[in-house]
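For reference, the chains in residue letters:
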Amino acid sequence: NLMDDDPGETHEEPKPPTEDEIKAFREGIKATDLGEGVTFDDAALDAMQQPLMELAGNDPQKAEKLVKAYTDYRRAEIARQQEKDDAFVGELVAASQKRFGNDLKQMVSLAKSGGRRVFGDALWNQMKSIPQFANNPDIIERLAAFGKSVKDDPGAVKKETGTTGRSSDWRENMYGGAKK
């Protein structure tokens, strides 16, 4: 039977490409260069490397069409997501303007003060750089309320004021009586 396997026939798996072949193949795919020093997602290209090389017969120019199509798709997808993010932030800004009206600048100023006190300077600088956080009217309102509550509070208590009528024993103050 012509279809029977020949017992002496062996089916070898193709040898994986060498590091040099992979490097040459990747360098030959120009669609990965997005300009301004930005390149296509290297992790994705690593994951697709073997099938791309097989499909393209180790010809990077053939693979470039597929990589370019995927790169263009990802670029468009990122642009769509950015548009959604920008629209959401725009909605937050509009909601803040509507809620606070003419008091918006004062509320933002108080919120900045409250944010610094709650988070500390380093973390506050990170948090306020997140547009979805920094433009949220609920966040502004809560941080402004805290900022207002501590605005004139120097954070210190005079000894005579802070200790009037209180024992110096922390247990008595904490539990209503000294513990033995």
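Let me begin by describing the structure that accompanies this report. Since the structure is predicted, the reported quantities are computational estimates derived from the model, not experimental observations. (Residues numbered from 1 in each chain as written. Predicted model: local features only at pLDDT ≥ 70, side-chain atom pairs only at ≥ 80, totals over all residues. Heavy atoms only, no water.)

## Describing the pattern of salt bridges
Consideration 1: Tallying each qualifying case throughout the model produces seven salt bridges.
Consideration 2: Lys68 is the salt-bridge partner of Asp72, the closest N and O atoms lying 2.8 Å from each other. Placement of the pair is Asp72 and Lys68 together in helix α3 (residues 60–100), with a separation of four residues, close to one helical turn.
Consideration 3: Since its relative accessible area comes to 44%, Lys68 is described here as partly exposed.
Consideration 4: Note that Asp138 is salt-bridged to Arg142, the shortest N-O span being 4.0 Å. Placement of both Asp138 and Arg142 in helix α6 (residues 137–149) is noted, with a separation of four residues, approximately one turn of the helix.
Consideration 5: Its relative accessible area of 34% is what places Asp138 among the partly exposed residues.
Consideration 6: Note on Arg142: relative accessible area 55%, which makes it exposed.
Consideration 7: Each member of the salt-bridge network shares a partner with another, and the members are Arg99, Asp138, Glu141 and Arg142. (Salt bridge = Lys/Arg side-chain N within 4 Å of Asp/Glu carboxyl O. Helix = DSSP H or I, 4+ residues; strand = E, 2+ residues; numbered from the N terminus. Buried < 20%, exposed > 50% of the residue type's maximum accessible area, 1.4 Å probe, protein only.)

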